[in-house]
Amino acid sequence: MAASPSSLSLRNSSPLSLSWKTNTHFSPLSRSTVSLPSRRPNPIFIVFSMDAKPTVLVAEKLGEAGLDLLKGFANVDCSYNLSPEELCTKISLCDALIVRSGTKVSREVFESSGGRLKVVGRAGVGIDNVDLAAATEHGCLVVNAPTANTVAAAEHGIALLTAMARNVAQADASIKAGKWQRNKYVGVSLVGKTLAIMGFGKVGTEVARRAKGLGMHVIAHDPYAPADRARAIGVELVSFDEALATADFISLHMPLTPSTSKILNDENFAKMKKGVRIVNVARGGVIDEDALVKALDAGIVAQAALDVFTVEPPPKDSRLVQHENVTVTPHLGASTMEAQEGVAIEIAEAVVGALKGELAATAVNAPMVPAEVLTELKPYVVLAEKLGRLAVQLVAGGSGVKSVKVTYASARAPDDLDTRLLRAMITKGIIEPISSVFVNLVNADFTAKQRGIRISEERILLDGSPESPLEFIQVQIANVESKFASAISDSGEIKVEGRVKDGVPHLTKVGSFEVDVSLEGSIILCRQVDQPGMIGTVGSILGEENVNVSFMSVGRIAPRKQAVMAIGVDEQPSKESLKRIGEVPAVEEFVYLKL
Ligand SMILES: NC(=O)C1=CN([C@@H]2O[C@H](COP(=O)(O)OP(=O)(O)OC[C@H]3O[C@@H](n4cnc5c(N)ncnc54)[C@H](O)[C@@H]3O)[C@@H](O)[C@H]2O)C=CC1
Ligand SMILES: O=C(O)C(=O)COP(=O)(O)O
């Protein structure tokens, strides 16, 4: 049976904000006090002390507008052409790093940063030059600039397509070499030909639009693209094999991932129409370059136009680059004045925002949370972390936390409630008090997995108004003993539950006892036999050493039976006071929890 609260006082508190510095040391106590060392300043998402100006290393050329934006907020070190060793040396002095495609941000870079590097900004789309797994493991956010160079890349794709079809580059070289070869450079027409777009994302879509304007029949292959978006611009989505078998021209626009690496290989060239022409402004690695040379020599591929290569720059004697039927450019897809200014601003804004602790809209290795959603979730974010922090402090020493169940009760449809941020904060609350690991939105799931903690989530769909995102959050830790036996629910887990009231997170349930105490400062939980004078007795022990009680509530099974008293305190009581509380005859057990 759930015990009901008899709430005694409600203190008005200031509106919550995501705080950048929360001291997270705590002293769990059950008739004894344990203190953990105090921790470094600990912002919720990015470890960055706002007292100091951050340092941003810009390792590749970035547009002026972006640099100006960065300089308004940070010390900016523009150091181009660094060797991998130089980058590793410099990085330990930097909070953020901005690169384009020419810098490998390897595991060594994250390891060399000594934990200081908190944001990597990729001034462009492709993040295949950044070791994302290492970034995540080191709690480093990776952001990119996904939109500002889309049109530039698409225009370059069209430039290569038309230049290839009409032998523009070869004819130009020939005439400059003093020749006049009108018969040699007869081209092929584009109108009425089938173009297969491989990867119907931002760039692929823009190429498709433009190719349709040239009178081409455009098909596309993309396992993840919505068919209605393709249909809307008159493009048919087809299977991989159908695209290869029917295309006169193939244009590549997928990211380089383990599943797209060398996707055009011997086997797949063999499926193509003889005389096919290939454009690649995506990534060199999606083509097996040796296989392409063979296909060119065999006449399966009539021509190729390439902006990107497996190794950049490619070796001078590369057979592919030197092939007479191949047109090449040195990774120029994003290189227009307009795109570079746009990319610079896009990435500077993302990096500055991330350093300020805002959730980046272009995060690559963390959930993207739109600003309006974040504003709404703010108090629940704080509630989630504090419930995690409380629950873990209730675990008796020696019981390893392995299984955590989080229940979200909401009147909103499951699709309207993205819980990744809340899960990350609960994970942070659970792990930080018991380890030296810093947990943020980026590395929360990884860190939990690494520590063998399984976090399962459940939703309770409530009737009623979906105005507020959540009614309550419940955190349960299974298969552990508690240092406060009353925190164990009827079903045998440590259970704490909380709600947001007037924008302030409250603890509303401990085990089977309903309480109501604002989650600020610290909390003393006492189990006692309900009797007159208890609140006064405990209150006066605290009052004697000037510890301010901010909240008190008593949840009891029935009058004069067992009750749990939750007392919020602004200051940390001394060991002596806590000992005296423990010695009050009616107190059966108590615990002091630091939030
Ligand atoms: N040459 C250059 O300077 C530039 C190159 N790029 C490259 O162009 C590529 C596309 O960029 P965006 O369109 O902005 O990215 P995007 O993410 O908007 O589109 C990529 C599309 O590829 C699809 N895809 C993933 N795996 C696939 C597969 N196995 N087969 C077919 N499609 C698959 C995805 O579903 C997505 O729709 C990226 O590789 C990017 O790095 C982008 C800008 C400039
Ligand atoms: O944005 C991309 O994916 C690009 O390939 C552009 O690369 P870049 O910034 O020009 O080195």
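Sequence order sets the numbering: in each chain, residues are counted from 1 along the sequence as written. Here every chain gets a letter starting at A, and every ligand a number starting at 1, in the order they are written. Selection of residues for local features in this predicted model requires a pLDDT of at least 70, selection of side-chain atom pairs for listing and counting requires 80 or more, and totals for whole chains, interfaces and linings are taken over all residues. Heavy atoms throughout the structure, all of them, feed into the side-chain values; hydrogens and water do not.

In the nomenclature of an unreviewed UniProt entry, the chain is known as D-3-phosphoglycerate dehydrogenase of Heracleum sosnowskyi. UniProt, in the comment section headed Subcellular location (unreviewed entry), describes the chain in these words: "Plastid, Chloroplast". UniProt positions are given in the numbering used here, feature names are shortened, and annotations may be inferred rather than shown by experiment.

1. What to know about the overall build of the chain
A run of DSSP states H or I qualifies as a helix once it reaches four residues; a run of E qualifies as a strand once it reaches two. Both are numbered from the N-terminal end. Helix and strand content of the chain: 18 helices and 23 strands. Using a 1.4 Å probe on the protein chains alone, a residue whose accessible area is under 20% of its type maximum counts as buried, one over 50% counts as exposed, and one in between counts as partly exposed. With 595 residues in all, the chain has 53% of them scored as buried. Taking contacts inside the chain between residues at least 6 apart in sequence as the whole, the part at least 24 apart equals 67%. By element, 53% of the accessible surface of the chain is carried by carbon and sulfur atoms, the whole surface being about 25600 Å². Contacts are assigned to residue pairs that have any heavy atoms within 4.5 Å of one another. A 1.4 Å probe and the Shrake-Rupley method give the accessible areas. Residues count as covered only by the protein chains that appear here.

2. As for the sheet that holds strand S16 (residues 472-478)
For sheets, the rule is that strands pair by backbone hydrogen bonds, running either parallel or antiparallel. With mixed pairing, six strands are arranged side by side in an open sheet as S15-S14-S16-S17-S18-S19. Only two strands of the sheet have a single neighbouring strand rather than two, namely strand S15 (454-461) and strand S19 (513-518). Strand-to-strand twist of the sheet, defined as the mean angle between neighbouring strand axes without regard to direction, takes the value 20 degrees. In terms of strand pairing, strand S14 (residues 403-410) meets S16 through seven bridges, oriented antiparallel. Paired with Thr407 across the bridge in S16 is Gln474. Two strands pair if DSSP finds at least two bridges between them. Lines fitted to the C-alpha atoms define the axes, with helices restricted to the stretch that makes contact. Angles between their N-to-C directions range from 0 to 180 degrees.

3. Focus on the sheet that holds strand S2 (residues 55-58)
Spatially, the five strands line up as an open sheet ordered S3-S2-S4-S5-S6, and their pairing is parallel. In the strand order of this sheet, the two ends are held by strand S3 (75-78) and strand S6 (141-144), each with one partner. For this sheet, the mean inter-axis angle between neighbouring strands, taken without regard to orientation, is 20 degrees. Across three bridges, the pairing between S2 and strand S4 (residues 96-99) is parallel. Bridge pairing links Val56 to Ala96 in S4. Helix-sheet contacts for helix H2 (residues 84-91) involve S2, S3 and S4, and the interaxial angle to S2 is about 170 degrees. Those strands touched by helix H13 (residues 337-355) are S2, S4, strand S5 (119-122) and S6, and its axis lies near 170 degrees from that of S5.

4. Focus: the site of ligand 2
Any residue with at least one heavy atom within 4 Å of a molecule or strand is counted as near it. Taken together, Arg100, Ser101, Arg122, Ala123, Gly124, Val125, Gly126, Asn149, Arg283, His331 and Ala334 make up the full set of residues near ligand 2. Within 3.5 Å is the distance limit for a polar contact, defined as a pair of N or O atoms, with the added protein rule that one can donate a hydrogen and the other accept it, and that residues adjacent in sequence qualify only through two side-chain atoms. A distance of 2.6 Å separates an oxygen atom of ligand 2 from a polar atom in the backbone of Val125. When the free accessible area of ligand 2 is taken as 310 Å², the share hidden by the protein chains comes to 91%.

5. Concerning the nonpolar core
Nonpolar side chains in soluble globular proteins tend to end up buried together. By size, the foremost hydrophobic cluster in this structure holds 81 residues, and its most contacted members are Leu70, Leu507 and Leu525. Of all the elements, helix H14 (residues 371-393) adds the most residues to this core, at ten residues. Apart from residues lying up to four places away in sequence, Leu507 is in contact with Leu387, Leu390, Val496, Glu497, Gly498, Val515, Asp516, Val517, Leu519, Ile523 and Leu525. Ranked by size, the runner-up nonpolar core spans 31 residues in total, among them Met254, Ile263, Ala282 and Val293. Working definition of a nonpolar core: buried Ala, Val, Leu, Ile, Met, Phe, Trp, Tyr and Cys residues. They are joined through side-chain atoms within 4.5 Å.

6. Focus: the pattern of salt bridges
Whenever a carboxyl oxygen of Asp or Glu lies within 4 Å of a side-chain nitrogen of Lys or Arg, that contact is scored as a salt bridge. According to the stated counting rule, one finds 26 salt bridges in the structure shown. Residue Asp95 is joined to Arg116 by a salt bridge in which the shortest nitrogen-to-oxygen separation is 3.1 Å. Of this pair, Asp95 sits in the loop between H2 and S4 while Arg116 sits in the loop between helix H3 (107-112) and S5, placing them 21 residues apart in sequence. Notably, a salt bridge pairs Arg580 with Glu544, separated by 2.9 Å at the nearest N-O pair. One end of the pair, Arg580, is in helix H18 (residues 575-583); the other, Glu544, is in helix H17 (residues 534-544), with 36 residues separating them in the sequence. Beyond isolated ion pairs, a larger network of salt bridges with shared partners links Glu385, Arg389, Lys428 and Glu432.

7. Side note on helix H15 (residues 420-431)
Given 3.6 residues to a turn, an α-helix orients residues that are three or four positions apart in the same direction. Multiplying 1.5 Å by the helix residue count minus one yields the expected span of that helix. If you check H15, its first and last C-alpha atoms are 16 Å apart, about what twelve residues at 1.5 Å a residue would give, namely 16 Å. Burial of H15 is extensive: eleven of the twelve residues sit out of reach of the surface. Burial in H15 covers these residues: Leu421, Leu422, Arg423, Ala424, Met425, Ile426, Thr427, Lys428, Gly429, Ile430 and Ile431.

8. Re the site of ligand 1
If you check the shell around ligand 1, you find 25 residues, and the closest are Lys202, Val203, Asp222, Val281 and Asp307. The separation between a nitrogen atom of ligand 1 and a polar main-chain atom of Val281 is 2.9 Å. Protein chains shield 87% of the accessible area of ligand 1, which is 850 Å² for the free molecule. Residues were grouped as follows: Ala, Val, Leu, Ile, Met, Phe, Trp, Tyr, Cys and Pro as nonpolar; Asp, Glu, Lys and Arg as charged; and all remaining residues, including Gly, as polar. Taken together, the residues that form the shell around ligand 1 break down as twelve nonpolar, nine polar and four charged.

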